[in-house]
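# Examination of the molecular architecture
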Amino acid sequence: MLPADLLDRLLPDTAPTQQWEEANPPRDLPAGAEVTRFAPSPTGFLHIGGVYTAMVAKELAERSGGSYFVRIEDTDQARAIEGSDEHFARAFPHFGIDPTEGPDAPWGPYRQSERSEIYRSFVRALLESGHAYPDFVTKDELAAITERQQAAKVDLGYWGEWAVWRDAEPERVTAALDEGLPFTIRFRAPDAPGRIAFDDAIRGRIEADDNRNDVVLLKSSAEPLPLPTYHLAHAVDDHLMRVTLVLRGDEWISSVPLHLQLFDALGFEPVRYAHVAPLMKGEGKSRRKLSKRKDPEASVDFWMAEGYPVGAVRHYLRGLANSRLADLPFEEAAAEPLRLEEFGASGPLVDIPKLDDISADYVAQMPATDIRDRLLAWADEHDPELAGLLRATGDDLLAIIDVDRVDTDRVRKDIVKWSVFRERYGFFFPELFALVDDPADERFLGVPPEVVAAFTTDFVAGYDPDTASPGWFDQVRGLAERHGFALDRKAYKADPDAFHGTMREASNIVRVTLTGSGQSPSLDQIAGVLGADEVRRRVGAPAG
RNA sequence: GCCCCCAUCGUCCAGCGGCCUAGGACGCCUGCCUUUCACGCAGGUAACACGGGUUCGAAUCCCGUUGGGGGUGCCA
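This section reports on the structure supplied with the text. (Residues numbered from 1 in each chain as written. Chains lettered and ligands numbered in written order. Predicted model: local features only at pLDDT ≥ 70, side-chain atom pairs only at ≥ 80, totals over all residues. Heavy atoms only, no water.)

When its secondary structure is counted, chain A shows 23 helices and 11 strands. On C-alpha atoms alone, chain A measures out to a radius of gyration of 33 Å, which is more than a quarter above the 24 Å that the 2.2 N^0.38 rule sets for 544 residues. Counting only C-alpha atoms and orienting by the principal axes, one finds that chain A spans roughly 105 × 55 × 40 Å. Counting only residues that meet the buried cut, chain A has 49% of its 544 residues in that class. When contacts within chain A are restricted to residue pairs at least 6 apart in sequence, those whose partners lie at least 24 apart make up 73%. For chain A, the exposed surface amounts to about 25,700 Å²; the carbon and sulfur share of it is 50%. Side chains of chain A carry 61 positive and 93 negative charges; the gap between the two charge centres is 3 Å. (Helix = DSSP H or I, 4+ residues; strand = E, 2+ residues; numbered from the N terminus. Rg over C-alpha atoms; globule rule 2.2 N^0.38 Å. Buried < 20%, exposed > 50% of the residue type's maximum accessible area, 1.4 Å probe, protein only. Contact = heavy atoms within 4.5 Å. Areas by Shrake-Rupley, 256 points an atom, 1.4 Å probe, with all protein chains shown as cover. Lys, Arg positive; Asp, Glu negative; His and termini not counted. Charge placed at Lys NZ, Arg CZ, Asp CG, Glu CD.)

On to empty space enclosed by the protein. The tally for this structure, following the rule as stated, stands at 1 cavity of 30 Å³ or more. Taken as a whole, the largest cavity encloses approximately 70 Å³ of empty space. Considering the residues around the largest cavity, the lining is formed by Ala-360, Val-363, Ala-364, Ile-371, Ile-401, Arg-405, Arg-412, Lys-413, Asp-414, Ile-415 and Tyr-425. Residue contributions to the lining of the largest cavity peak at 3 residues, all from helix α13 (residues 352-364). Residue classes in the lining of the largest cavity are distributed as 7 nonpolar, no polar and 4 charged. Both domain 2 (282-364) and domain 3 (368-424) contribute no fewer than three residues apiece to the lining of the largest cavity. (1 Å grid on protein atoms, 1.4 Å probe; cavity = no way out; pocket = protein on both sides within 12 Å on 5 of 7 lines; lining within 4 Å. Points joined across faces, edges and corners; volume = space filled by probe spheres on them. Nonpolar A, V, L, I, M, F, W, Y, C, P; charged D, E, K, R; others polar. Domains from an automatic or database assignment.)

Here the focus is the layout of surface pockets. Gaps between atoms show up when a probe of the same size as a water molecule is rolled over them. Put simply, the largest pocket is a space of about 1,100 Å³. Lining the largest pocket are 37 residues, and of these Ala-39, Pro-40, Ser-41, Glu-251 and Trp-252 lie nearest its centre. Contributions of two or more residues to the lining of the largest pocket are made by β1 (35-38), α3 (48-63), α8 (230-240) and β8 (245-249). No other element matches α3, which puts 4 residues into the lining of the largest pocket. Across the lining of the largest pocket, the residue classes tally to 17 nonpolar, 10 polar and 10 charged. Lining the second largest pocket are 17 residues; nearest its centre among them are Lys-139, Leu-142, Thr-184, Val-216 and Ser-220. Where the lining of the second largest pocket is concerned, the elements lending two or more residues are α6 (139-152) and β4 (184-187). Its residues placed into classes, the lining of the second largest pocket shows 8 nonpolar, 5 polar and 4 charged.

So, on to unusual backbone geometry. In this structure, the amide linkage connecting Gly-108 to the following residue, Pro-109, adopts the cis form with an omega of -5 degrees. Relative to the helices and strands, Pro-109 is located in the loop between α4 (84-95) and α5 (116-128). Within the chain, Arg-242 stands out as a residue other than glycine whose phi angle is a positive 60 degrees. Within the chain, Asp-404 stands out as a residue other than glycine whose phi angle is a positive 65 degrees. Mapped onto the secondary structure, Asp-404 falls in the loop between α16 (396-401) and α17 (421-425).

Two numbers describe a pair of packed helices, the interaxial angle and the distance between the axes. Where helix α21 (residues 503-515) contacts helix α22 (residues 523-530), the two axes come as close as 11 Å, and the packing angle between them is 35 degrees. In this structure, α21 crosses over α22, and the sense of that crossing is left-handed. In contact with Ser-507, Val-510, Arg-511, Leu-514 and Thr-515 of α21, α22 contributes Leu-523, Ile-526 and Leu-530. Partitioning the contact of α21 with α22 into residue classes produces 5 nonpolar, 2 polar and 1 charged. (Axes fitted to C-alpha atoms, helices over the stretch in contact; angles between N-to-C directions. Left-handed = near helix turned anticlockwise from the far one by under 90°.)

Further remarks concern the packing of helix α18 (residues 449-461) against helix α23 (residues 532-539). One can describe the packing of α18 onto α23 by two numbers: an axis separation of 9 Å at closest approach and a directional angle of 165 degrees. Considered as vectors, α18 and α23 are oriented roughly antiparallel to each other. Note on packing geometry: the crossing formed by α18 with α23 is left-handed. From α18, Thr-456, Phe-459 and Val-460 reach across to α23, where they touch Val-535, Arg-536 and Val-539. Here the residues of the contact of α18 with α23 sort into 4 nonpolar, 1 polar and 1 charged. (Parallel < 35°, antiparallel > 145°, perpendicular 65-115°, else oblique.)

A few words now on the pattern of salt bridges. A full pass over the atoms with the stated rule returns 46 salt bridges. Salt-bridge contacts for Lys-417 lead to Glu-306; the nearest nitrogen and oxygen are separated by 2.7 Å. With Lys-417 in the loop between α16 and α17 and Glu-306 in helix α10 (residues 300-306), this residue pair connects regions lying 111 residues apart in the sequence. Given the relative accessible area of 22%, Glu-306 is considered partly exposed. A salt bridge links Asp-383 to Arg-422, with the shortest nitrogen-to-oxygen separation between them at 3.0 Å. With Asp-383 in the loop between α14 (368-382) and α15 (384-393) and Arg-422 in helix α17, this residue pair connects regions lying 39 residues apart in the sequence. The exposure class assigned to Asp-383 is buried, which follows from its relative accessible area of 12%. Its relative accessible area of 30% is what places Arg-422 among the partly exposed residues. Salt bridges sharing common partners tie together Arg-37, Arg-71, Glu-73, Arg-115, Asp-237 and Asp-238. (Salt bridge = Lys/Arg side-chain N within 4 Å of Asp/Glu carboxyl O.)

By themselves, these figures tell us nothing about what the structure is for.
Rendered as structure tokens:
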């Protein structure tokens, strides 16, 4: 161990750790209450996998009567990206993963770059107890060591005799300091490493080799603000913030042996871990972790821009976590607790078609007023033109949304996400609708242009807007018969050449002229909303 | 190289030694319903990675192989 005056030169003016222990008292919580946290790095944008883990963390805390907070892990100043804070500020409330605690709670600050004083205290303690030492090795020397280790086919890393500063004499340290050489503080890994076992809340018992690397605890003293590495910050923060359950990605499993050593060296009670399998992306036959670079759906921006209702996303994600919940009705599933033991140990693939299906179901059971509110909120952000039109429509918007949704047990499921509203329901707004005036348009499914023209001319001439629903279609039926369409499939199948098609093609002429699409809500209801004049104008367009 | 994790239909899972000729959901295909598209309903398609054990009996337990993922950083 280095003498105290040398330690003072290494880390001057450090407060005793006792001070931090006292300032961060255990919370007064009921037995069994979990304290969890979400610890994102401000490097670019929030990953949907982060939302997934955070949702679980928050839910477990809330269900157990505990506490959940967000801690920004910005110890890598070089990788921090401008704008991350703003992005987080939008995304957290959107997905309901904003903290239930902080920023003024006693366990803060919740940003690691503001906690350097705290880390220094604990590093000093580690130095004093001989669990850490200063290391003046340069990058070049490190590279040379790695090279020799590769040649010698031994484990890579700073360990044993490769750790050249591990047992440096005080005189040598003093000399290096006198020279003004920058240094890091490294952990002194316990001697005689063996095997270790620990229990993961998701995976059960895991065995691994003990860590024997002298990992860096405190980054270079040449930095303006020497910050800790993840490992030290994790131990200190999760201890001081009195976290009871650490939820994190399974890429951390191999660091647990080190973390346990750190907790021990620091004299902390170890935390419970739950390592969550990452969300995956299918690629051909294989799969890989969802990547922010390659996969748009990895970023929460995608989910927000597409306009998936958060309730649907939540249901989908919770179903991935605990498949027991996947097939339950929304409310029932939401009422059921998430259980760590039921998490899958392998990473699930994010399946957009499945999400779409869930989302369509979710929207279908929303009241029209809710759909309107969410849609408006989405459009304000992502489609201002549409937002303006929706607002101008007033209460008629509710009628539009409810077409084919009320007084029926077969609810339409056209809206899978807010971004499809424009293409599915845009025809209700004259500003978004383009007349279909070419009788040869391919959307008429191959019906001869002259037939389309004659049919639509006839339709306009005799259009009766007052007919109620059952009768409204009689007009189409009558028209179909007169213009050479088969009224039932059997007749058509018996002699396809004798007809221009069936009622399907005939109705399609009306549908396409009215909506521009082959898929739309019930024609009679649309006609009712649009009004007789507009119906005549649209259907008559290809008549010439 | 070494260490760790994982492995059931195309996808998400269920299955935790006999109830499995492997079940559900999404997708896909076919019919039905609808005087129209969609919705809905009914049916169909399709999997225990491979090889050894253990056991009266294995998708389920053990070992190995293969494959995939991760770690081995002054990135988290």
